[in-house]
Amino acid sequence: MAEYIYNEVQTVQPGGSALLNDRIACNHRPQYVIHRQGSGILTLRGIVNNPCAQFARYKVMYDGNIAIPEGGTPGEIQLALAIGGEVVQSSIATATPTAAEAYWNVSGFAIIDVPTGCCYTVAVENASVSADPATTPAPALLLRNLNVEVTRMA
């Protein structure tokens, strides 16, 4: 298991990833999860113990507190896991604050199968979308007390 945190408040732009710091790094060999301190990207490696295995399976969970920044328009905001920049739809967590800086706690997870010999990059991203993208951009969000846990299952 590897755990990553970021307790300070950070502003995450639409499509942007949240920053992470190591809490419990995955330093044993072989190194299944790779992370550069202060980056928002985790690399899951398709290392398997059984030569007949087709993939390595990971459970990636996140939780944190999200809000609309001061001066932002109250409305729906979303946080999610993304693999290679693509949002994992089943991991989207939604909150609808009615005022700026009114934090909501959200969480989500995904089971990720990494093919043997491959690597996937995973990040926690602002998955917010605009109701009318032609006239209004998707909102930025404030994120604090982010916790991400990666467990190798198989």
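A short tour of the structure in this document, coming up. From a predicted model like this one, the values you see are computed outputs, not experimental measurements. (Residues numbered from 1 in each chain as written. Predicted model: local features only at pLDDT ≥ 70, side-chain atom pairs only at ≥ 80, totals over all residues. Heavy atoms only, no water.)

### What to know about the overall build of the protein
So, point 1. From N to C terminus, the protein includes zero helices and twelve strands.
So, point 2. Reading the helices (α) and strands (β) of the protein from amino to carboxyl end gives β-β-β-β-β-β-β-β-β-β-β-β.
So, point 3. Expected size for 154 residues packed as a compact globule is a radius of gyration near 15 Å; at 16 Å, the protein falls within 12% of this value.
So, point 4. Burial statistics for the protein: of 154 residues in total, 40% are counted as buried.
So, point 5. Put simply, of all contacts in the protein between residues at least 6 apart along the chain, 66% involve residues at least 24 apart.
So, point 6. Accessible surface for the protein amounts to roughly 7800 Å². Of this, 51% is attributable to carbon and sulfur atoms.
So, point 7. Here the protein carries 8 positive and 12 negative side-chain charges, and the mean point of each set is 14 Å from the other. (Helix = DSSP H or I, 4+ residues; strand = E, 2+ residues; numbered from the N terminus. Rg over C-alpha atoms; globule rule 2.2 N^0.38 Å. Buried < 20%, exposed > 50% of the residue type's maximum accessible area, 1.4 Å probe, protein only. Contact = heavy atoms within 4.5 Å. Areas by Shrake-Rupley, 256 points an atom, 1.4 Å probe, with all protein chains shown as cover. Lys, Arg positive; Asp, Glu negative; His and termini not counted. Charge placed at Lys NZ, Arg CZ, Asp CG, Glu CD.)

### A short note on the nonpolar core
So, point 1. With 34 residues, the main nonpolar core has Leu44, Tyr58, Val60, Val148 and Val150 as its most contacted residues.
So, point 2. When residues of this core are traced back to their parent elements, those giving at least two are strand S1 (2-6), strand S5 (42-45), strand S6 (55-67), strand S7 (77-83), strand S9 (93-95), strand S10 (104-115), strand S11 (119-126) and strand S12 (141-152).
So, point 3. Beyond its immediate stretch of four places on either side in the chain, valine 150 contacts Met1, Ala2, Tyr4, Val33, Leu42, Leu44, Tyr58, Lys59 and Val60. (Core = buried A, V, L, I, M, F, W, Y, C linked by side-chain atoms within 4.5 Å.)

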